[in-house]
Every structure is written in C-alpha cells, then in structure tokens.
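# Structural features, examined
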Amino acid sequence: MRRSTTEHVIPALTLGFAGAVVPFASIYFVAHRHVMFSGQAHFVGVGLTALAAALAAVVLTIAGARRRDGRTVLVGTAFTVMASLLALHGIATPGILIGDNGVVAFTGGATLPVGAAVLALTALPGLRRPTSVRPLVCLQIGLVCAVLTLGAVGMLVPSAVPSVPAIGSPEAYTVLVVGLSLFALLTWRAVRTFLLTRRLADLVVAVGIVWLASALAPAMLLNFMELGWWVGHGFELTGILVVGVPVALDLRRAAQSRPLVGDVCGAELVSAEEAFLGAHVRALIVCLAGKDEYTEEHTRRVALRAVQVGEELGFTGRRLRALATGALVHDIGKLSVPDAILQKPGPLTDEEFAVVKRHPEWGDKMLADLGFGTDVRQLVRAHHERLDGSGYPHGYNGGLISFDARILAVCDVYDALISRRVYRDAWTHERAVALLHEETGTSFDSKCVAALERVLSRELAPAAAAV
C-alpha cells in the first residue's frame, strides 16, 4: 500500500532526473575530444539502425490506424519521419555511396526539430475523432515521400541540397532553441502524465524525450571529428527507442496513459480506478458495492464531479490524483455502519444518525490501517465538515478544512440532493444549486460552488439546446 503520495514518486523522479542528466553529462565531458571514426561506422551505425527504427515506427502507425486513433498515428508519423531522416543522414555519409553532399548536414539538422514539431501536434483535440485518421496517414505518406525525394535528389545531384545549417551558425542556434522548446513541452506533458498515473513507463518516456533533446546540441554545434557529435548520435537513436517502445506498449492497455499527449483527465482516473489508482482502491469500491449499491454509485458520481471541479480550478498531477482517490473512498467508513441503519427505508432517528455521523472517522481509521496517505485520509475525514463549524464529526470551521475537502463537500451534497431516496424524491438541478448558493459562505466555499456550477452548465448546455 502507498503510505503517502510522495513515498514512491520522489525516488522515481530522482531516478528519472538522474537518467535524464546522463546524456548531457556524457556529451559535455567528451564533447571536443578529437576522434577519427570511419565513414563506414557512421553509415552502418546510424543509417541502417535508423532504417530499422523507421520500419518499427510504420508498425506503430498501422496499429494506430486500426484502432482509429489519430494521436497514435501522428506519434507513428513523428517517429517514422525522424527515423527516416536519420537513416538518410547515415546513408548519405560522404565517401560511401556518394561524395560530399548537403544531405548529411540538412538531415542532421532537421531530424529532431521536425520530429518534435510533429509530436507537439498530438495535443490537438481534433485528433480524437476517428475521421482524423485518414488525413494523418496521408500526411505520413507525404512526409516519407518528401524524405525519399530529398534522398534521391541528394544522391543524383549532391549539389542540389544545401549544406545547412552550418555548425555553430545563427541558423543552427535558432534550430537548437526551437527544438529544445518543443522537447521541453513534450517532457512536461510526459512528467505531468506520470504524476497523475504513477506509471513508470510514462516517466521513461519523459527521460527518452530528454535524451532526444540532448542530441540536438551536438548536432548543431559539433562536427564529426568530435566525440560529442558521435555520442549525440547514439543518444538520438537510443532516445527514439526509449520513447517509442513504451508508447507502443501503451496501445495494448485498456486504459491508456498517452504520455506524449498529456491529456489523461480526472474522469479517466475515476472510470478506470484499478488501472490508474491501484487494485486496493478497486477492492474497496467492490466491498462498498456489496454493502450498499446506492452508496457505491453515489461515490463514483461524486468522484467524477470532484475531479471535474478540480480540473476546472487548475488541479493537476499529485493533487488531482489524491482528490480522485479520496472522493472514490470518501464513504468507505459506511462499511462499519450496520445494514439496518444504512439501508433503512425511511428517515433516521437521532440515535441512528449519530451512528452514521461516525463514518468519516471510521473511514479515516480504515484507510490509515491500509496504508493510505494523509492527503487522501483528510478528504475522507472532513467531507462532512462545514465552514461555520456546523458539520461533523469534529465541527471543524473553515480554517481547519482543506480546500480539496471543500470541493468534495460541495459535490457530495449536490449529488445527494439530486438522487432519489426511498424517503424522498430527487431534487431538480436548479433547486439543488439554489441551496448551495443559499449556504455559500456559511456551509460551502464560494469558489467550489461556482466551479461546480460552471462544470454542470457545460454538461447541461447540449441537452438544453436540444429541447
């Protein structure tokens, strides 16, 4: 069990950071060391290896096309183009198949920035539609044809392809800055995904992207007689594999992380709780469903609303994950409430309600025994507390109630009000929101109520327009 949200994350991030530093340190210490490798080594080591990577990238594209997943097709396109350009860079090694040519410099400078630019496009919302797959496949075919045309022209008329960007030129620095900016964006997406999913494969993708970024500087600033240039090529090839393999394996999962896209949302954490939050959370939900079906369904709805509100308020990573987990198990203490009280077909007596009011404490203790962290447990403990101290079990006032617990309280009350119970009919959305407004500032936080209202208005807008 996880005893805190940071116990496993910090060591993983530390290890990931160490892995990300390796290529920069390696290149820095050997950058200007003079070497004399043969052109044959460059031709075979870079050209043929990259050609194999290009073929593997095509397989990734085919898998994405079969799943009608535009983002996967675009990822496959990016790797195909990078690997193809790198293969052409190696095949055009002067003195092997042709003499001096501009293809080597042009492809060496274009490989990483072009790949990063294509990968950055994976965040476009339109790529989620199945209709986007065909144009993307056509895009990949067009880009690969452009690479093949570049290679053919360079082989037949070497002087036709300009030898740009020149090493250390202003153009080279421009490409370097643009490329590093794109890779920084991709790295942030992958790290943010890891903080949400806690899947090590997502962190590996982030490290692989950094390895690709590390290869850009020697490609722009060093020449083939410097060891750093060769080491950069090595990390470039390795980075393609380190990123590509986890991305390809992610396709096989029922609940995908999509680390290059960075768009896993809180709703997915709730809907696929075992895949993202762990089997222990799933086991508790199953136990709760066996105890009382209404309570289990209620907790799922509340969890969905809570993470939607959290995202509306800018929550990401660890905080959103803790909110999703806490919301899913916020009523777990009801496992200790007698069935006769929990499932009573009518209003509770004062004595019975006093028993129910203990479920936050019971839930907190249960989760503590199971090893859950304090960030989750405080949500369970405080979701019935109110700003004016009128809540339970401890009567905490606003200063003692975390903002996340305030979100959960608002979502919990809203769902309870609009749900039909055996002893009363469900309230309308308008009536429930009116009560939240009425008690804003006394029981409920105004920011949380406003955020929930914005979430609900977007959800209800299509239905209202259809009437």
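Residues numbered from 1 in each chain as written. Predicted model: local features only at pLDDT ≥ 70, side-chain atom pairs only at ≥ 80, totals over all residues. Heavy atoms only, no water.

### Description of the overall build of the protein chain
Of the regular secondary structure elements, the protein chain holds 20 helices and zero strands. Dimensions of the protein chain, computed from the C-alpha atoms along their principal axes, are close to 95 × 50 × 35 Å. Long-range contacts, defined here as pairs at least 24 residues apart, represent 74% of the contacts in the protein chain between residues at least 6 apart. When the 41 positive and 39 negative side-chain charges of the protein chain are each reduced to one mean point, those points stand 4 Å apart. (Helix = DSSP H or I, 4+ residues; strand = E, 2+ residues; numbered from the N terminus. Contact = heavy atoms within 4.5 Å. Lys, Arg positive; Asp, Glu negative; His and termini not counted. Charge placed at Lys NZ, Arg CZ, Asp CG, Glu CD.)

### Topic: the environment of Arg 199
Summarising the element assignment, Arg 199 is placed in the loop between helix H6 (170–197) and helix H7 (200–221). Remark: the alpha-carbon pair of Arg 199 and Pro 259, spanning 60 residues in sequence, is separated by 9.9 Å. Here Arg 199 is in contact with Phe 194, Asp 250, Arg 253, Ala 255, Gln 256, Ser 257, Ala 275 and Phe 276, once residues within four sequence places are set aside. A polar contact of 2.8 Å, which involves the side chain of Arg 199, links it to the side chain of Ser 257. (Polar contact = N/O pair within 3.5 Å; in protein donor to acceptor, adjacent residues only side chain to side chain.)

### Section: the layout of surface pockets
In this model, the largest pocket occupies a volume close to 840 Å³. What lines the largest pocket is a set of 28 residues, among which Phe 353, His 384, Tyr 392, Arg 421 and Tyr 423 lie closest to the centre. Of all the secondary-structure elements, those providing two or more residues to the lining of the largest pocket are helix H12 (293–312), helix H14 (339–342), helix H15 (350–356) and helix H18 (403–418). No other element matches H18, which puts four residues into the lining of the largest pocket. Its residues placed into classes, the lining of the largest pocket shows twelve nonpolar, seven polar and nine charged. Taken as a whole, the second largest pocket holds about 450 Å³ of empty space. Along the wall of the second largest pocket there are 24 residues; nearest its centre are His 89, Val 104, Ala 105, Phe 224 and Trp 229. Contributing elements (two or more residues each) for the lining of the second largest pocket: helix H2 (39–66), helix H4 (103–120), H7 and helix H8 (227–250). Sorting elements by how many residues they give to the lining of the second largest pocket places H4 first, with four residues. For the lining of the second largest pocket, a count of residues per class yields 13 nonpolar, eleven polar and no charged. (1 Å grid on protein atoms, 1.4 Å probe; cavity = no way out; pocket = protein on both sides within 12 Å on 5 of 7 lines; lining within 4 Å. Points joined across faces, edges and corners; volume = space filled by probe spheres on them. Nonpolar A, V, L, I, M, F, W, Y, C, P; charged D, E, K, R; others polar.)

### Quick look at a nonpolar patch on the surface
Taken together, the side chains of Val 44, Leu 48 and Leu 51 make up a nonpolar region of the molecular surface, amounting to roughly 230 Å² of accessible area. Structurally, Leu 48 is set in helix H2. (Patch = residues over 30% accessible without salt bridge, like charges linked within 9 Å, V, L, I, M, F, W, Y side chains within 5 Å. Areas by Shrake-Rupley, 256 points an atom, 1.4 Å probe, with all protein chains shown as cover. Salt bridge = Lys/Arg side-chain N within 4 Å of Asp/Glu carboxyl O.)

### Focus: helix H11 (residues 279–291)
Taking 1.5 Å of rise per residue, 13 residues should cover 18 Å, and H11 covers 18 Å from first to last C-alpha, within 8% of that figure. Taken together, the buried positions of H11 are occupied by His 280, Val 281, Leu 284, Ile 285, Leu 288 and Lys 291. Summarising the axial view, the buried residues of H11 lie within an arc of 140°, below the 170-degree limit, and thus occupy one face. (Expected span 1.5 Å × (residues − 1). Buried < 20%, exposed > 50% of the residue type's maximum accessible area, 1.4 Å probe, protein only. Arc of directions from axis to C-beta.)

### Structural notes on empty space enclosed by the protein
Evaluated as defined, the whole model comprises three cavities of 30 Å³ or more. Here the second largest cavity is characterised by a volume of approximately 130 Å³. Forming the boundary of the second largest cavity are Asp 69, Arg 71, Thr 72, Val 75, Val 247, Asp 250, Leu 251, Gln 256, Arg 258, Pro 259, Leu 260 and Val 261. Within the residue set of the lining of the second largest cavity, elements represented by two or more residues are helix H3 (70–91) and H8. At three residues, H3 tops the list of elements feeding residues into the lining of the second largest cavity. Class assignment of the residues belonging to the lining of the second largest cavity gives a composition of six nonpolar, two polar and four charged.

### So, the pattern of salt bridges
Throughout the structure, instances matching the rule amount to 20 salt bridges. A salt bridge links Asp 331 to Lys 334; the shortest N-O distance between them is 3.7 Å. Per residue, the accessibility class of Asp 331 equals that of Lys 334, and both read buried. Here Asp 364 makes a salt bridge to Arg 377, at a shortest N to O gap of 2.8 Å. Separated by 13 residues along the polypeptide, Asp 364 in helix H16 (residues 359–370) and Arg 377 in helix H17 (residues 374–382) bring together distant segments of the chain. Under the relative-accessibility criterion, Asp 364 is labelled buried at 12%. One salt-bridge network, held together by shared partners, links Glu 273, Arg 282, Glu 296 and Arg 300.

### What about the packing of H18 against helix H19 (residues 429–438)?
Put simply, H18 and H19 touch, their axes get as near as 9 Å, and they point 145° apart. With respect to the hand of their crossing, H18 and H19 are arranged in right-handed fashion. Residues Val 410, Val 413, Tyr 414, Leu 417 and Ile 418 of H18 form the contact with H19, whose own contacting residues are His 429, Ala 432, Val 433, Leu 435 and Leu 436. Considering only residue class, the contact of H18 with H19 consists of nine nonpolar, one polar and no charged. (Axes fitted to C-alpha atoms, helices over the stretch in contact; angles between N-to-C directions. Left-handed = near helix turned anticlockwise from the far one by under 90°.)

### Quick look at the nonpolar core
Val 329, Leu 367, Ile 407, Leu 436 and Leu 452 are the most contacted members of the largest nonpolar core, which totals 52 residues. Looking at which element gives the most residues to this core, the answer is H18, with eight residues. The contact partners of Ile 407, leaving out residues within four places of it in the chain, are Ala 306, Val 309, Leu 313, Phe 315, Leu 323 and Cys 448. Core analysis: the next-biggest nonpolar cluster, separate from the first, contains 44 residues, Ala 54, Ala 83, Leu 176 and Met 220 among them. (Core = buried A, V, L, I, M, F, W, Y, C linked by side-chain atoms within 4.5 Å.)

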